[in-house]
Structure formats: structure tokens, C-alpha cells
Amino acid sequence: ADDVTLQLKWVTQAQFAGYYVALENGYYEEADLNVTIQPGGPDIAPTQVIAGGGADVTVEWMPAALAAREKGLPLVNIAQPFKSSGMMLTCWKDAGIATPEDLANRTLGVWFFGNEFPFMSWMSQLGISTDGKGESGVEVLKQGFNVDPLLQRQADCISTMTYNEYWQVIDAGVSPDDLVTFKYEDQGVATLEDGLYVLEDRLDDPAFVDKMQRFVAASMRGWKWAEENPDEAAMIVLEYDETGAQTEEHQKRMMGEIAKLTAGSNGTLDPADFARTVATLLAGGSDPVITADPGDAAWTHDVSSVLN
Amino acid sequence: MQDHAQAAVIDHGTSTPVISAKSLDLTFQTNDGPVHALSGIDLDIGKGEFVSFIGPSGCGKTTFLRCVAALETPTGGSLTVNGMSPDESRKARAYGYVFQAAGLYPWRTIEKNIALPLEIMGYSKAEQAERIVRVLDLVELSNFGKKYPWQLSGGMQQRASIARALAFDADILLMDEPFGALDEIVRDHLNEQLLALWARTDKTIGFVTHSIPEAVYLSTKIVVMSPRPGRITDIIDSPLPKERPLDIRDTPEFLAVAHRVREGLRAGHAYDD
Amino acid sequence: MQDHAQAAVIDHGTSTPVISAKSLDLTFQTNDGPVHALSGIDLDIGKGEFVSFIGPSGCGKTTFLRCVAALETPTGGSLTVNGMSPDESRKARAYGYVFQAAGLYPWRTIEKNIALPLEIMGYSKAEQAERIVRVLDLVELSNFGKKYPWQLSGGMQQRASIARALAFDADILLMDEPFGALDEIVRDHLNEQLLALWARTDKTIGFVTHSIPEAVYLSTKIVVMSPRPGRITDIIDSPLPKERPLDIRDTPEFLAVAHRVREGLRAGHAYDD
Amino acid sequence: MRTLFPILSVLAVLIAIWYAAVAPMNIRGALDVAERAGAEVVPPDARARFDTSVWVLMANNPEHIAAGYSLDRPRLPTPQQVGQELWKTTGEMALKGRPMSKRSLIYHGWITLQSTLWGFVLGTALGMAGAIAIVYSRVVDMSLMPWAIISQTVPIVALAPMIIVLSSQVGIEGRGVPKAIISAYLCYFPVLVGMVKGLRSPGTAQLDLLKTYSASGLQAFLKLRLPASMPYLFTSLKIGIAAALVGTIVGELPTGAISGLGARILIGDQFGTPLAIWAALAAAAILAGLLVTLLDLLQRITLRRMGMQA
Amino acid sequence: MSWLVFALLFWVGAWALNAYLAHSPWSGSVPVRVAIPVLFGVTLIVLWEGVVRGFGVSPVILPAPTDVARTFAASTDILWEDFRQTVLKGALSGFIIGVLAAFLTAILIDRSAFLTRGLLPIGNFVAALPIVGIAPILVSWFGFDWQSKAAVVVVMVFFPILVNTVQGLRETDAMQRDLMRTYAAGYFDTLIKLRLPAALPFVFNGLKIATTLALIGAIVAEYFGSPTRGMGFRISTGVGSLSIDLVWAEIAVAAMAGTAFYGLVAWIEKRVTFWHPSHRSN
Ligand SMILES: Nc1ncnc2c1ncn2[C@@H]1O[C@H](COP(=O)(O)OP(=O)(O)OP(=O)(O)O)[C@@H](O)[C@H]1O
Ligand SMILES: Nc1ncnc2c1ncn2[C@@H]1O[C@H](COP(=O)(O)OP(=O)(O)OP(=O)(O)O)[C@@H](O)[C@H]1O
Ligand SMILES: Cc1ncc(C[n+]2csc(CCO)c2C)c(N)n1
Ligand SMILES: [Mg+2]
Ligand SMILES: [Mg+2]
């Protein structure tokens, strides 16, 4: 069997259910692959891991991947299991926020570590500066890994994922009625999230391409199974969570939300989505994420072609 | 106090005891069994007496002085100083103590080391300065006041620690081999100075030495000790007059006392081995 | 080596110098200016000689011994030991040194402290044990071998450090006030032992003392020093015979030498103040 | 017994202060919960409450203070809550016969302990070797010491990911080795500094003595410097093992938060379960306490054997 | 490959030069004392450059020192802003508060043998708490700005100083204490004239440890929430966006600030504890 190491973007959770399902149900084995899944965590930049040879393929968000590409690390998207973006901004309604324009002069929590790019683009499209509070400026906080800043009102809004942090706010006892959410999808600034990326030069090797084709196909089989059997998929994820700290309730709900994001994709990257992501990022204002259109070299259908 | 000092000095020995030990015992517990450092010590020291302790090394001289100064607690018998417990006397600042090793504070110059007790006892700056000059001169270290302890030779450090003990007015002066590291000339000089100081003031002095002539020359009473368990073998009241020029050491009275001390010492050694 | 030892002892002073100092200088740099510890020292010490150094405290006796043992580097003049530099002699393990302070290692018992040089010089276990018993007996500490240094009195520690220096066979023995903290009886005893050891072996001994009688009793040569800058004021070759019972100290020859030493010392003090 | 009673008393006072602090720390959370449950609170509006001081809130809502002692997501949990969580994830698991399950802190403590010990061994070896080199070589002393200090001013969290990437690049499999390296990086410094101090602690007099014996460097080391450094060695080993533990936990974040107490802390943070963080912290403290106590015991035995009164 | 060979040759040469300097007559002089570690550091940097170029290491993993230097020069404004936020506001204020608090606590508990015996073991316990566990809690208590960083620093420096000071206060030798007893010196006299001076070498030991801890604490705390400035913020963001050269520039700032801080404390130590045997030789 061929060895494949997959680097995840974050800790073991239902966000990555497809891969764990493929592993658990033996799809990888059937494809003659011996797959190792490495969970991520804070401080792990999947792009850096793949650059260092620590993984063959990685789950990454497209803004971060394109930024890395500009930094001279030639990442190529070989498949895109996530069709839509799950990122949103969650605000207190009683802070007086109803529309994106109300965000000015507020304190907002944002994830950094390469996840800040969609937010920056959005703000620049709204004409809001991120250098501090003011008529047309916001105070940006680098939020940690939890939702405390919102609950303790250190921030008026924080970044959440539809499938994760939002539900933690709800679990903390906050009623959805007290909250206002702005989905990036709805604001027209959505960027592509979890895709599979490999180093460009390795695609010159037909054997590698073949291996990746089998990998992507098996992974998508896993994803589709997970979409259809969300509860079972969540249990599989829990099996693989070595920290033992994840809860069944949370993972099942997360799987339900994840299924909505993967629903529209068979794993093949839609070039239109790519173009839209690039356009959003290029509109990043004074300090854009990427300065030039990376062009079509940043993705390929060579691998995902097996899916059709 | 100062006015009846002369009287006390004259009829020393008969005045009420300042230090009084009754069957004093002290045993140290060590890894291989107890060590009897002092055993059955009976001793009265009157006000204004100059008492020397002499005896083989390890016989308990240091230990006895430490008991008097309340630095060691006897395991038996009774000990009073000025009619109080040693500790109460200590709190009343009755003692000046010169240790067997100099024990100067390395972060203070010699001057500042001498100033230490003066600061603690609240002497004025002017008084401090005046006394420092005087005692430095007494021990012939006038040019070394600004040096740090580690820059002096062993004997010079010892002299500095003597100066420190003489700088303030303690009623009882306890000196543990203070002149051991000094040459004969300086030693003679300091012996004279110490006698003069003793005659001038009303101090009671406890003095450990290994030199028989020194003990005889200085003391009104000589206590000869023997080791393991440390006990007193002889107490000699000196017949020598209060006025003691250096050449008193050649008189027959002096030699007689010295001979008696030597015999006592030798007896102590016989016990030993 | 052992066979011509007797000869060397007999015509001491005329043999080729073991230690030879020529206009030796040593200046310490301190925070307030240089201190001239030694200045213009000229001295030859022959094989098998017993040389005492005497002088006021701070005159540089310790410093001179330290130069000989290569523990201090002279700032001027020349110094050879056995025709080599002091450092080469040190490497050849020529020295046994008794320091002014006992300097025992606190984590070793007295026995183990004495064993230290023997271990370093590679004596066998049996030999070590045998020598330890012998020297402990010599300094009368036989019952204290298993104690730790802090469980001994000041004088006992000093004796232990003497035993440590005598346990191995160094050609040159340097002793810095070894008997300062001992009573007269033990001191006399150890003086006799030391003389016997010296007569038995071929050792060259450098000996610092403050006691004039001790210096005269032990030495073949007495070096009188004066302070600041430390220099030699007198070198006295002893006319006393090799055989020296304790009562030689009452002979006129002895008293004459003692008198000359005392005069030299007094002269040194006159320089000083 | 002589030390146990004071420790327990101080502990009791600290716990009392802790309990007292829970009320003001948690009053806001308690009022939010109460409000959502439909209770009457003053002021009723969450925003207004945010601008009111906790003391005023406590004075106005005395009946809700008690609720602060049993929140699910307290800002400051009570010692009892921490204790219960700790018991649930250790003792209870062990009683159920699954002490090594992934949900047991015993398992995660064991993972952390392994890396800690490896890091400690590596760090101590490095620290000792460095100290010996520094004490015996002037060049090493003058060139290495400043850089040893500089190495500790470099934030380890910044280096950790690079250490992991670099070690995977040189072909080291698994996360154990990089974790131990990170742990050793924090551990070696206290050992180095302590040992340099200890090896240099013999006074001139003690060194001079050996010089007169013309002892070799090795002999001087074995007979003087090493024994003289023992008190320093143990003091620094105690600091070192605590540092190694902290290093391992730091290393568990960028190593993929898979297992170990560090991973528990991270996951507890991300999923908003403060009790999990506190329990993992308590477990780390207990682990550190055990390790330090063990070394302390070793120190007492060694020093007693050497005749130094500990 | 030639890069690698050059770096190795440079290493050998520099080491030889250092060995020569260290044993030269001027080895005690200030320029040489500075030159030797600097040369050592330069050697490390040359080796690093050689390895990066020789093996063609990707700049997103380990940038060459020259790249770092270029980024450093181009980003001085950012670096300065971060320095102010993290070092001046977070680390320094926390350091001062922590040191004062620990010092006073040490003197207070030292009066009572009971408190010392009770608090010290607990102190050791708390000192071993992982900072990554404390930081999120303190960030949630004290907010995102420098106050929470200062709080983390206070917690980190408190116990090393406390333990060292308490130990130092006991570090007088028996005779020195006996002397004070014969003077019947009161508590304060003994404290000021004997125990504090004798404790200073230990206090400085604690202070030196605390200097490095302070900086690390302030930086790590920023990982768990911060404003959009600060060295920890920049480092974590930089790793995520593969601006590793900027990360190394920040590391360089941290190292320089930490070293300067340590150097300052060591300098004061030398002045204040000149009498201690470890400072006395020459
Ligand atoms: N701390 C201690 N622990 C155990 N034994 C001790 C201690 N201090 C002294 N001793 C023992 O007590 C005895 C008396 O000691 P002390 O110091 O009083 O003698 P000394 O007469 O002053 O002798 P020296 O003239 O040598 O100073 C000795 O045998 C010594 O071993
Ligand atoms: N390390 C040092 N630094 C500065 N000065 C020193 C140092 N060691 C000794 N001295 C000075 O050198 C002079 C000679 O000292 P040394 O110790 O040789 O005297 P000594 O003759 O042995 O005196 P003693 O009989 O008191 O031991 C003294 O004035 C002393 O102050
Ligand atoms: C340092 C760091 N901070 C935040 C994220 C955010 N993030 C990216 S994907 C994801 C999953 C949703 O739960 C989350 C939270 C990160 N990756 N690394
Ligand atoms: Mg004594
Ligand atoms: Mg001397």
C-alpha cells in the first residue's frame, strides 16, 4: 500500500469527518492506501508542515494557501470538499447592531493565524478601517480559541463557525434571539474553506498523481457517507479524538452543520468559486492578502478528474 | 556605676557574683553518640573580675562562653548572669563577644564593621566616628579602616573583630582566643591595652587563651579545664597586684602561678589519653 | 633519596638551595591603591632545613609561603623550587601545605579528609587506612575519625588539617601557623613529634609562627620579617644542635637566639607606626 | 508532621479566600443565567449590568449570589467543582477500571509525564555537560554563557512549531521527540546555571588545597567540585523538572494537540469548558508536586549520607 | 555546497581565534569580554546562513539570517510598536509589580516559621503551573490588553523571587547570627544589617531568572487573545501566514530586549554584591 500523510487544519473534530470515515470504513485501504491523519492545533501552520515534508497533503483554507503561494510556497488545490463557507460574525443584538454598517466604532474579535484574510477583505469592502475605534473604524481583537470574549462582553462581535463556536455561544445559555449573525456567504465575501492542497512539483510525478486520485476519491466517499450518516460519522470522529475531551452532543451537531457545507460539492473545485475567492482577496484594501491573481496554476483538476 | 568601679576592681573576687554556674552540664547529640562538652561546672565570677579559661583543645572553653552569652542552652544545672538568665542579660546588652574566628561582614569595610554594634545600640554619628578612630588606633589598624575584610591578613581581621567588641560599653566582655593569631609584640601591646581598659572601666572579662603566661599576666582568676567530659580541674586566684608592668612576668609569684597552671594542664592531658 | 637524608640533615644550610628567592616582589591591587605585600625578598633554603618565619601580622608570611607553593604569582624577582619554577614543583607534588585556617571539606569525615590527598596520589586502600590511623594518633584525634568537621572544636580541626598534610610524603612541608589554636601541652607534644618526623625524613620545612620560643626551638634558620612593604629584617642561623630535648629552652644559647629574634621583631614594629 | 500542619493551614486559608472570591467573580454569570431563567434581577438589562460594578450587583441581588457557586461555565470555579471534575476524570475512571481511557487524566498525565522525563533527562544531561565545559574551559565560558542566557529570552512558543517541522524534515517520526526537545530546551538552563554556580562554589582555600596536591582536573571535579555542588544540583534539578513539565505542556499545543495535559487544556479552552482546564491545571500541579517531592527526598537522603545537614 | 564549506571553515577559524583571545593576557579586558561572545554569535549566524543556503532550506521553514535582517530593517516601525506593547507595557509593569509583591511577601512570611513552612511548598507547586494553562484564564479575567499580560508576568515572576528571597534571608552563617544575638539586635536591625545584605546574592539570582520569564510570559499570553499589536501577536500571526522572516525579526527583538534586561540586572548585581566571593576575583 502507498503511504499518505494528511495534515489537518485543526484538532480532531467533525469538521474533518470525511477523512476519519474513509479511514474507519476502510475506503483508503480499498484504494490501497495507508493513510496517517495528523490533527492540527494552535501554532500548527499546515502550509509550513507540508513545506517541511511533514505531510503529503493538507487541509487548508484557500486564502491561507494563496498567501503561502505568494510567499513562494507553490501550493496547488487538488480537491475542494467544502462548497460553502461556514464563517460568520456573531454579535450581541443589545449592542445595537443590526446591519454591517453598525459595526463601525465597535470591538470585534477575529481569528488570526492566516484566518483573518476574509474579514480584512470584508471590512475594506465596507470601507471600515481596522486600525482602531472611530467613525469608520473598528477595534480588532485577536480572539483566542474560545467564545469568552463575547460572553464576557469584552467584544461586541466575535468570529464563529456555523458548525462550532456559534453553538458554544448557544450552549452557554444565550438565546439565538439575543444574537445577530453575519454570514460571509450572505455578505458576498465568502472565500473557499477546507480544500486539499499539495506541493506543485510533486504533481509532475504520475505515481503521486495516481496516489492522490485514489486518496481524493476515497476521501469523497467518506464525505458522502458522513453526509448521509451524520450521527455515525460523529461517533467515528469521537473514536479518533485522542484528547477524550470532545462531547458527543457537540460533534453530532457539528456534523449536521458540516454536511450543509459539503453538500454542494463532489470534490471538484468549481473555477468560478476560485475566481470569486481571488476577487475577494484582491479587494483587500490597503493591505491585501495577495497582490496579484495567482492564476489557474493554483489549482488543478488532474486529480479530481477521477471524481466525474 | 562608673564611680564605684574602682572599688569593685580593688576587692575583686569578693563582690556578688556576676556570672554564677552551678553543676552546669551540656551534651551535644551527634551522629555517633552524645558528646559531653561540659559536665558539672561550678563557677562564680565576681563583678570586675578578669577570668581566664585554659585547657586542652576540645575541652569546652568555647562552649562555656557560648552558654554565658546565651548562644548555647545548657542541658543541665543552672547558670545566672547578673542575677538573670543569660538570655535576659543578652537582651539587656550585657555582652561584648570576640569570637574564635573573626566573623566580619564581607559587605562592610573595617570601619563599618566596627560601626555595626554602635548603629544597633543607637550611638550618634559623631560618637560612632570618634569611637571608631579610637579602637582602630588601639589595635593598630588606623590605615585599614576603608578596606574590606578579605583584603586583610588573618591576624588583622582578628584585631578588627577585637576593636568591634571594644567599641561599645558592655559590662561583660567574652573573648575566645582573641590574640591567638598575633605576634608576641602586638600581643604584649594588646595585653597592656586590655589591662588598662579593664582597670579604667568596671568590666567583667571572660578570656580563653592557650598561652599560660598570657593567662597569668592578665587574670585575677584562672580556670583550668580538662576534656571529655569538659570539667574544671583547678581554679587559681592570682596573688598578683592590680598594677602589672610587663616585667612582672619574671617575678617568682608569677612563675609560681604559671607552674601551677602548667601542672593542672598536664593533669588534664593525663585524663585524656 | 632516603639514604643520603641523614647527611643532608647534618650539614643543613650548606646544601644546594631547595627554595631560592631573589629580590622577590608581590603587590596586590586593591580598591584603594596597591598593597606591597612582599618586597625585595632574598632567601635561600637548603635541602632538609627547618625555616621559621616570624613577623607582625600582615607582614607577608602567608603570602611568601603561597608564592613558594605556586598559589600566588610574584610580580617581580625570581623564585625557584628544586631548581624548577614553583608551578612545576607543584605539579611534581613536592608540597604538603597546612593552611592558616583548617579548610576541611564539610562533606567528609575527619578520616576521609585525611584520605583525600592519599586518594589523589593513588595510595592503596590498605596503605590509606594504615596512614590514617598513624597520623590521627600523632595529633591525638584517634576517637574522632568518624566525626564531621563541624563537630570538632577549632583546635581539633586545626590538628586534623595537620594530620592531613603529614599523611603523605611531600619533600617540602609548608605550615602556616599550624599550632596557633593549640594549648601549650599539645603544642609541645606536636613540636617534638614534628622535630622527630623532620629528623627521620629528609623534609624541608617552612613554618610560620608567632611564638618566639617555638620558632627558636624548631628551626635551623629563623627569618624575621617586617611589614609594609613585607621584607626580611633578619635571618638567624640557629647554633642549636640537632638533638633538642624540651629543656633546651632554658639554655643560654636558646635565650640568646630568642632575644635576637625579639629585637628584630621590635625593630619591625618601629618601622610600622 | 512539622510541615504538614502549616501547609494544611495555609492551604485552608487560601481555599477560604478562593471561595470568597467566587462570589464577585461569578455574579455576572449567575445573573445572566437567572435572567434567562426568568428571574427578577437588578438591573434587568444585560448591557446595563455590564457597566455596573460587581459589588453593586451583589448588593442588589443577594439572592442570586449562591448561584455563582454552581455555574456550568464559571469564570472562577469553586475548589469543590475543580475537585469533583478532577475526581471524575481520575479516581472515578480508575474505579470503573478504565484508568487509561482517553477521557482519564491519568492517561493524559502519563503521556505528559513520559515526555517530561525524557526532556528532563536530556535537559539535565545538556545542562551538566554545559556547566562542566563552562567551568573547565575559559573559551566556552566566555562564548557560551551569554548565548545560554539569550536562548532563554527566545520565546519557546515561537520556536516550538519550527522544532516540529525541522524534526520531521530530518526524518523523526511521531511527536514524542520534538516534545522532549522543547521540554529539554526549558529544562537545561536552570540546571546549567545552578551547576555552574555549584561547581564554582568551593572557596579559594579549598581549591588551593587541591592545587598543593597537584590534583588532576578530573580529581578536582570528583573530589571537590561535584560534592560541593550537590546542594545546588538538587535545587536546580527541582526547578529543572518543573520547567520540563511546563515545556512538555507548551510542546503539546503545537504538536497537534493529540494527547497529554496540554492538549486537555487547549481543548478545554476551545470548547468553553473551564472546569476541564482547571482540572488539567490541578493535575499538572499535582504531577509537578510529586516530582519535586521525589527529588526533595532524594536530596535529603544524599545530603544526609554526605554528612551535610539538609 | 561551497556555502557549507565556507561556514564550517569560518567556524573553525572563529573558534581558534576565541581560544586564542580567551587565553591571551587581555582576556579580562572589556573589549575582549564582549568580542568573544559576539564572535561566537556571528559564527552561529554564519553556520545558519551556510546551512540554509547549502541545503536550500525553504524560507517558509527557516529563513536565512540575511533575509531576517532585511525584514528587520524594513519593519522597524512594526517592531517598535510591538516592543512597546509587549515589553514596556506588559512585561515591565508585570515584572515590577511581581517583584515588589514577592519581595514584601518574603519579608512578611519570613517572620513566621509557620508561614514559611506552609507557604513555600505551595509556592513551588504554583510555580510549576504551566503558563499556557494560566494565560487563557487571566486573559478572560483581565481583558485583551496589556493588563492581562502583566498579570501573567506577575504570576510567573512571583515565586522564583519569593523562594530565592526567603532562602537568601536564611543564608547567614551561624557566627554572623550569633554576633547579632550578642548585640541583642532587634528584628529590623538584624534584617537590615545582616539578613538583607546576605540575601542579596540570592535575590539577584531570582531577579535574573525573572527577567527571562517576564518576557516569555508576556509573549505567550498574547497567544490567548490580544489587540492587533504585540510581539506574541505578530509571531503567531506570522507563523500562520508564513511570514517566518518577520517571526525571526520579532524573536531577535525578544532576544535583544531580554539580554539587555538581564544584562542590566547582572550589572546592578555586580555593583551591589561586589563583596561576594563569586564577584571578588579581580
Ligand atoms: N555543634 C557541635 N556538635 C557536636 N559537638 C560539638 C559541637 N560543638 C562542639 N562540640 C564538641 O564539644 C567539645 C567542646 O568543644 P569546644 O568548642 O567548646 O572546645 P574548646 O575548648 O573551645 O576547644 P578549642 O581550644 O580547640 O577551641 C568538643 O569535643 C567538640 O567536639
Ligand atoms: N587577596 C588580597 N588582596 C589584597 N591584599 C591582600 C590580599 N591578601 C593579603 N593582602 C595584604 O597583604 C599583606 C600581607 O598579608 P599576609 O596574609 O601575607 O600576612 P601575614 O604575614 O600572613 O599576616 P598574619 O600573621 O596576620 O596571617 C597584608 O597587608 C594584607 O592586607
Ligand atoms: C491559532 C488559530 N486560531 C484560530 C484558528 C481558527 N480556526 C480555523 S479552522 C477552525 C475550526 C473551527 O472550529 C478554527 C477555530 C486556527 N486555526 N488557529
Ligand atoms: Mg574554642
Ligand atoms: Mg597569615
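Parameters at a glance
Residues numbered from 1 in each chain as written. Chains lettered and ligands numbered in written order. Predicted model: local features only at pLDDT ≥ 70, side-chain atom pairs only at ≥ 80, totals over all residues. Heavy atoms only, no water. UniProt positions renumbered as here; feature names shortened; annotations may be inferred. Contact = heavy atoms within 4.5 Å. Buried area = accessible area lost by both parts, 1.4 Å probe. Salt bridge = Lys/Arg side-chain N within 4 Å of Asp/Glu carboxyl O. Helix = DSSP H or I, 4+ residues; strand = E, 2+ residues; numbered from the N terminus. Nonpolar A, V, L, I, M, F, W, Y, C, P; charged D, E, K, R; others polar. Near = heavy atom within 4 Å. Polar contact = N/O pair within 3.5 Å; in protein donor to acceptor, adjacent residues only side chain to side chain. Areas by Shrake-Rupley, 256 points an atom, 1.4 Å probe, with all protein chains shown as cover. Axes fitted to C-alpha atoms, helices over the stretch in contact; angles between N-to-C directions. Parallel < 35°, antiparallel > 145°, perpendicular 65-115°, else oblique. Left-handed = near helix turned anticlockwise from the far one by under 90°. Core = buried A, V, L, I, M, F, W, Y, C linked by side-chain atoms within 4.5 Å. Buried < 20%, exposed > 50% of the residue type's maximum accessible area, 1.4 Å probe, protein only. Pairing = 2+ DSSP bridges.

An unreviewed UniProt entry lists chain B under the name NitT/TauT family transport system ATP-binding protein, with Marivita hallyeonensis given as the organism. According to its UniProt record, chain B has this under Sequence similarities (unreviewed entry): "Belongs to the ABC transporter superfamily."

> Please clarify how the interface of chain E and chain B should be interpreted in this entry.
How big an interface is tends to be expressed through the accessible area that disappears when the partners come together. Counting residues at the interface gives 18 residues for chain E and 27 residues for chain B. Together, the buried faces of chain E and chain B total about 2,200 Å²; carbon and sulfur atoms form 67% of this surface. Considering only the side of chain E, the residues that lose the most area to chain B are E:Thr182, E:Tyr183 and E:Lys193, jointly responsible for 30% of the buried surface there. Two residues, E:Asp178 and B:Arg66, come together in a salt bridge whose shortest N-O distance is 2.8 Å. Where the side of chain E that touches chain B is concerned, the elements lending two or more residues are helix H8 (174–182) and helix H9 (187–221) of chain E. Partitioned by chemical class, the residues of the side of chain E that touches chain B number 11 nonpolar, 2 polar and 5 charged.

> Whenever I open this one, the site of ligand 3 confuses me. Can you help?
Around ligand 3, the structure places 14 residues, and the nearest of them are A:Trp10, A:Gln15, A:Asn115, A:Asn164 and A:Glu165. Among the chains of the assembly, those with residues near ligand 3 are chains A and D. One nitrogen or oxygen atom from the side chain of A:Gln13 is found 3.3 Å from an oxygen atom belonging to ligand 3. Contacts to ligand 3 include A:Asn164, whose side-chain N or O atom sits 2.6 Å from an oxygen atom. Look at ligand 3: alone it shows 420 Å² of surface, and the protein chains cover 95% of it.

> Just to check I follow, could you spell out the site of ligand 1 for this structure?
Surveying the vicinity of ligand 1 reveals 20 residues, the closest of which are B:Thr62, B:Thr63, C:Gln151, C:Ser153 and C:Gly155. Each of chains B and C places residues near ligand 1. B:Cys59 places a main-chain nitrogen or oxygen 3.2 Å from an oxygen atom of ligand 1. B:Thr62 is positioned with one of its side-chain polar atoms (N or O) 2.5 Å from an oxygen atom of ligand 1.

> Honestly, the packing of helix H10 (residues 230–240) of chain A against helix H11 (residues 248–262) of chain A in this entry has me stumped. Any pointers?
The description of two helices packed together rests on the angle between their axes and the distance between the axes. Residue and element names in this part refer to chain A. For the pair H10 and H11, interaxial distance at closest approach is 8 Å and the crossing angle is 130°. Compared by their axis directions, H10 and H11 come out oblique. Our pair here, H10 against H11, has a crossing hand that is right-handed. Between H10 and H11, the contacting residues are Pro230, Asp231, Ala233, Ala234, Met235, Val237 and Leu238 on the first element and Glu248, Gln251, Lys252 and Met255 on the second.

> Help me understand the UniProt feature "domain: ABC transporter" (unreviewed entry) in chain B, please; the structure alone is not making it clear to me.
UniProt's entry tags residues 21–248 of chain B with the feature "domain: ABC transporter" (unreviewed entry), counted in the numbering of this structure. Note that residues 21–248 of chain B is 33% helix and 27% strand, and that its end C-alpha atoms are spaced 32 Å apart.

> It is not clear to me how the nonpolar core should be interpreted in this structure. Could you clarify?
Generally speaking, nonpolar side chains in soluble globular proteins are found buried as a group. Among the nonpolar cores identified, the biggest contains 350 residues, and A:Tyr19, A:Leu103, A:Leu196, A:Phe215, A:Met255, C:Phe53 and C:Leu194 are the most heavily contacted of them. A per-element tally of this core places helix H11 (residues 217–251) of chain D first, with 16 residues. When residues no more than four places from it in sequence are discounted, the contact partners of C:Leu194 are C:Phe50, C:Leu173, C:Met175, C:Phe179, C:Ile205, C:Phe207 and C:Leu218. By size, the runner-up hydrophobic cluster in this structure holds 95 residues, among which are B:Ala21, B:Trp107, B:Leu116 and B:Ile162.

> Teacher, can you tell me more about the pattern of salt bridges here?
Where charged atoms from two side chains of opposite charge approach closely, those side chains can pair. In the structure shown here, the tally under the stated rule is 61 salt bridges over all chains. Between C:Asp202 and C:Lys47 there is a salt bridge; the shortest N-O distance is 3.4 Å. On the criterion of sequence distance, the pair formed by C:Asp202 in the loop between helix H7 (184–200) and strand S7 (204–208) and C:Lys47 in the loop between strand S2 (33–46) and strand S3 (50–54) is long-range, its members being 155 residues apart. Residue C:Lys47 is classed as buried on the basis of its relative accessible area, which comes to 19%. Ionic pairing is found between E:Arg70 and E:Asp67, a salt bridge with its closest N-O pair at 3.2 Å. Separated by 3 residues within a single helix, E:Arg70 and E:Asp67 lie in helix H3 (residues 65–74), roughly one turn from each other. What makes E:Arg70 exposed here is its relative accessible area of 55%. What emerges from the salt-bridge pattern is a single network uniting A:Lys83, A:Glu185, A:Asp270, A:Asp273 and A:Arg276.

> Any chance you could explain the sheet that holds strand S6 (residues 107–110) of chain A here in plain terms?
The strands making up a sheet are joined through hydrogen bonds of the backbone, oriented either antiparallel or parallel. Taken in spatial order, the 6 strands of this open sheet run S9(A)-S5(A)-S8(A)-S6(A)-S7(A)-S1(E), and their pairing is mixed. Edge positions in the sheet fall to strand S9 (179–183) of chain A together with strand S1 (226–227) of chain E, since each has one partner strand and no second. In this sheet, strand S8 (residues 157–161) of chain A lies alongside strand S5 (residues 87–92) of chain A in antiparallel orientation, the contact comprising 5 bridges. Directly across from A:Leu89, in S8(A), lies its bridge partner A:Ser159. Against the sheet, helix H5 (residues 117–126) of chain A touches S5, S6, strand S7 (139–142) and S9 of chain A, its axis set at about 145° to S6(A).

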